[in-house]
Amino acid sequence: MNRRRGLDFRRAGGRRKISNVVWWVLSAIVVTLFILILSKATQIEPRPSIPERRYRHEKLVEGMNMTEEMLSPTSFARQVNDQIALAKAFVVIAKESKNLQFAWDLSAQIRNSQLLLSTAAASRRPLTVLDSEPTIRDMAVLLYQAQQLHYDSATMIMRLKASIQSLEGQMSSVTEKSAKYAQIAAEEVPKSLYCLGVRLTTEWFQNSELQGKLAERSYAVASKLTDNSLYHFCVFSDNIVATSVVVNSTALNSKAPEKLVFHLVTNEINYAAMKSWFAMNMDNLRGVTVEVQKFEDFKWLNASYVPVLKQLQDSDTQSYYFSGHNDDGRTPIKFRNPKYLSMLNHLRFYIPEVFPALKKMVFLDDDVVVQKDLSALFSIDLNRNVNGAVETCMETFHRYHKYLNYSHPLIRSHFDPDACGWAFGMNVFDLVEWRKRNVTGIYHYWQEKNVDRTLWKLGTLPPGLLTFYGLTEALESSWHVLGLGYANVDTRVIDKGAVLHFNGNLKPWLKIGMEKYKPLWEKYVDYSHPFMQQCNFH
């Protein structure tokens, strides 16, 4: 009886051990499964944000000129900027309340804060506590004092609103007048330039010896005009002095001037004067070959082939550019400049037709100065592209969306709004690739689509951006330095530049030209020439 109980006890103990083992095994399995599920959950990737939203956010940040530091909630630069904005408001209020000393103190501190920001920006590093603490503290003290003055906020707001409305009206009027006068001054032909054209034309028709000299010279160099082993440049202009500066500066800075060939195209009015000038100054060009043509001699250049000439025959186009009365003055005057329909301005899109025997050409605008040897341009590999140009998208306002109307579906569907812009004025053209890709045909397509001026409004650069889209090779920036006709340009950039471009209204031959840049252009003008002196060029 006792032995049976012992046996039963042992069996019961064995069952408990087995059930414990099973329980632990099941628990382990459950825990393992739980861990696996958790690990899988942590590996689930979040849904990517909608590309359109990210694109819009990036565009918003870019458009507001924000940096990562400015977006940071702990940014010292952001704090300084906020203080400056508030201080500017208090400066206005202090002046309205005749508290001029306090307004002066605030203005001085604003300048200190702005200097701090500009120094940090120039060094490309974020502001630190050590840099910014004294400036932030000094400004904070002034802002506290401003708050203690207890200005009548309601009264000041009303005064400020009235002042703002008055100033806005005055500013609008002054800006409009300034734009009109600047445009008129830029379009004006100086009396001295007009005088020179008349004197040269008279000399050409009266001096048969001069005509014979040019004819003899042209016969001697005829083979050079189609020799692809030489360096060919083209300039399309009706400005004799500006064209002479381009030729002179290129010749004087060339290592092999005898290999330079300049193809000049002008209009009927200035044709005789242009020939006369270069015939008289042939011996001063260091062996450079110069050919002068007029575009009226190009029989293929007619309204049936050229959209611009066809548009000139349209009454609406003539009214838009030459009368300016068809939209109640809503369009700025700069968009109505007739030069944008000038054939000399659009001839750059017909270079292969003008020079059918040539394979490579460097195009130069007449408002440039050359200060380096340009022969290396002809050995640059354009990688089967047509146009070699310096890009100008270092700032956001030189991207495609600043030149073209992206509300138009034709533009929106064909071109990236953030594509990098580039500059006309110094361009290397591969004419073989140009002909192969029918680039002139592309230009014709877009020019015809823009007959109502809804794709773009101004100039030859927008159609150029469309025509050479995907066909442009970026050149090193020092080949072409822009802005000398409207902006301040770093002297170090100017010194390194091969071609300096006076793009803008402030041309160096005009009285409104920027005085500090005029010497760069004037040193290539022959002021000792008798006709220049007679026409008061100085």
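Residues numbered from 1 in each chain as written. Predicted model: local features only at pLDDT ≥ 70, side-chain atom pairs only at ≥ 80, totals over all residues. Heavy atoms only, no water.

Novice: Tell me about the environment of histidine 232, and name the residues and values.
Specialist: Following the sequence through the fold, histidine 232 ends up in strand S1 (residues 231-236). Setting aside anything within four residues of it in sequence, one finds histidine 232 in contact with Lys224, Leu225, Thr226, Asp227, Val261, His263, Leu358, Lys360, Met361, Val362 and Phe378. Separated by 2.6 Å, the side chain of histidine 232 and the backbone oxygen of aspartate 227 make a polar contact. (Helix = DSSP H or I, 4+ residues; strand = E, 2+ residues; numbered from the N terminus. Contact = heavy atoms within 4.5 Å. Polar contact = N/O pair within 3.5 Å; in protein donor to acceptor, adjacent residues only side chain to side chain.)

Novice: Now, about unusual backbone geometry: what can you tell me, with residues and values included?
Specialist: Although it is not a glycine, arginine 384 sits at a positive phi angle of roughly 65 degrees. The class of arginine 384 is exposed, set by a relative accessible area of 60%. With a phi angle near 60 degrees, asparagine 536 is a residue other than glycine that sits in the positive phi range. Assignment of secondary structure puts asparagine 536 in the segment after helix H22 (530-534). (Buried < 20%, exposed > 50% of the residue type's maximum accessible area, 1.4 Å probe, protein only.)

Novice: I'd like a rundown of the sheet that holds strand S10 (residues 499-501), residues and numbers included.
Specialist: Reading across from one edge, S5-S10-S9 is the order of the three strands in this open sheet, with mixed pairing throughout. The open sheet is flanked by strand S5 (368-370) and strand S9 (480-481), the only strands paired with a single partner. Alignment of S9 against S10, held across two bridges, turns out to be parallel. Note on S10: the bridge partner recorded for valine 481 is leucine 500. (Pairing = 2+ DSSP bridges.)

Novice: Now, about the packing of aromatic side chains: what can you tell me, with residues and values included?
Specialist: Counted according to the given criterion, the structure contains 23 aromatic pairs. The ring of phenylalanine 424 carries arginine 348 above its face, with NZ or CZ at 4.8 Å from the centroid. (Phe/Tyr/Trp six-rings, centres within 6.5 Å; stacked < 30°, edge-to-face > 60°. Lys NZ or Arg CZ within 6 Å of the ring centre and 35° of its normal.)

Novice: Go over the layout of surface pockets with me, naming the residues and quoting the values.
Specialist: Of the voids in this model, the second largest pocket is the one considered here, and its volume is about 500 Å³. Lining the second largest pocket are 20 residues; nearest its centre among them are Pro190, Ser192, Trp509, Leu510 and Lys511. Contributing elements (two or more residues each) for the lining of the second largest pocket: helix H8 (191-206) and helix H21 (518-522). Taken together, the residues that form the lining of the second largest pocket break down as 11 nonpolar, four polar and five charged. (1 Å grid on protein atoms, 1.4 Å probe; cavity = no way out; pocket = protein on both sides within 12 Å on 5 of 7 lines; lining within 4 Å. Points joined across faces, edges and corners; volume = space filled by probe spheres on them. Nonpolar A, V, L, I, M, F, W, Y, C, P; charged D, E, K, R; others polar.)

Novice: Could you give an account of the sheet that holds strand S6 (residues 387-390), with specific residues and numbers?
Specialist: Overall, mixed pairing links the seven strands, which are arranged S3-S2-S1-S4-S7-S6-S8 in an open sheet. Across the chains shown, the open sheet's two edge strands, defined by having one partner strand only, are strand S3 (289-294) and strand S8 (472-475). Here the strands of the sheet are splayed against their neighbours by 25 degrees on average, with no regard to which way each runs. One ladder, built from six bridges, connects S1 with strand S2 (residues 260-266); its direction is parallel. Following the sheet pairing, cysteine 234 is matched in S2 by histidine 263. Where helix H10 (residues 240-252) meets the sheet, its contacts fall on S1, S2, S3 and strand S4 (360-364), and the angle it forms with S2 comes to roughly 175 degrees. (Axes fitted to C-alpha atoms, helices over the stretch in contact; angles between N-to-C directions.)

Novice: Break down the nonpolar core for me, with residues and values.
Specialist: Here is a general trend for soluble globular proteins: nonpolar side chains tend to be buried in one another's company. Ranked by internal contacts, the top residues of the largest apolar core, which has 55 residues, are Leu196, Phe233, Phe262, Leu364, Leu377 and Leu484. In terms of residue count, H10 provides more of this core than any other element does, six residues in total. Leu301, Val386, Trp456 and Leu465 belong to the second-largest nonpolar core, a separate cluster that totals 43 residues. (Core = buried A, V, L, I, M, F, W, Y, C linked by side-chain atoms within 4.5 Å.)

Novice: So what's going on with H8? Which residues, and what values?
Specialist: Under the 1.5 Å per step criterion, the end-to-end length of H8 is 23 Å for 16 residues, consistent within 8% with the ideal 22 Å. Where the residues of H8 are buried, they touch helix H9 (208-220), H10, helix H11 (268-280) and H22. (Expected span 1.5 Å × (residues − 1).)

Novice: Before we move on, could you go through the packing of H10 against H11 and cite the residues and values that matter?
Specialist: In contact at an axis separation of 10 Å, H10 and H11 are set at 40 degrees when each is read in the N-to-C sense. The orientation of H10 with respect to H11, classified from their angle, is oblique. Handedness of the crossing formed by H10 with H11: right-handed. Taking contact as the criterion, the partners of Ile240, Thr243, Ser244 and Val247 in H10 are, on H11, Asn270, Ala273, Met274, Trp277 and Phe278. (Parallel < 35°, antiparallel > 145°, perpendicular 65-115°, else oblique. Left-handed = near helix turned anticlockwise from the far one by under 90°.)

Novice: Quick rundown of the pairing of S4? Include the residues and the values.
Specialist: With respect to burial, S4 is a largely interior element, five of its five residues being buried. Of the two faces of S4, the one lined by Lys360, Val362 and Leu364 and the one lined by Met361 and Phe363 are each fully buried. Inspection of the sheet shows S4 paired to strand S7 (residues 426-430) by five bridges, in the antiparallel sense. Among the inter-strand pairings, lysine 360 is bridged to a residue of S7, identified as aspartate 430.

Novice: So what's going on with the environment of valine 481? Residues and values would help.
Specialist: Considering the arrangement of structural elements, one finds valine 481 in strand S9. The buried category is assigned to valine 481, whose relative accessible area is 5%. For the pair valine 481 and valine 493, spaced 12 residues apart in the sequence, the C-alpha separation amounts to 7.4 Å. Leave out the neighbours within four places in its chain, and valine 481 touches Val489, Val493, Gly497, Val499, Leu500 and His501.

Novice: Tell me about the pattern of salt bridges, and please be specific about residues and values.
Specialist: Tallied over the full model, the rule gives nine salt bridges. Residues joined in a network through salt bridges with shared partners are Glu268, Lys294 and Asp297. (Salt bridge = Lys/Arg side-chain N within 4 Å of Asp/Glu carboxyl O.)

Novice: I'd like to hear about the pairing of S7, residue by residue, with values.
Specialist: Regular strands place side chains that alternate from one sheet face to the opposite one. Of all the five residues making up S7, five are buried; the element is thus mostly covered by neighbouring parts of the structure. Burial along S7 is two-sided: Met426, Val428 and Asp430 and Asn427 and Phe429, pointing in opposite directions, are all buried. Summarising the sheet, S6 and S7 pair through two bridges and their orientation is antiparallel. The residue bridging glycine 388 from the neighbouring strand is valine 428, located in S7.

Novice: I'd like a description of helix H18 (residues 439-449), backed by residues and values.
Specialist: Along H18, the residues that are buried comprise Val439, Thr440, Tyr443, His444, Trp446 and Gln447. Residues of H18 that are buried sit in contact with helix H12 (307-312), helix H14 (343-346), helix H15 (351-354), helix H16 (409-414), helix H17 (431-437) and helix H19 (461-467).

Novice: Tell me about the side chain of aspartate 367, and please be specific about residues and values.
Specialist: Here aspartate 367 shows up in the loop between S4 and S5. Among the residues examined, aspartate 367 registers a relative accessible area of 6% and is labelled buried. In terms of polar contacts, aspartate 367 uses its side chain to reach the side chain of histidine 501, at 2.8 Å. Setting aside residues no more than four positions away along its own chain, aspartate 367 makes contact with Leu500, His501, Phe502, Asn503, Lys507 and Trp509.

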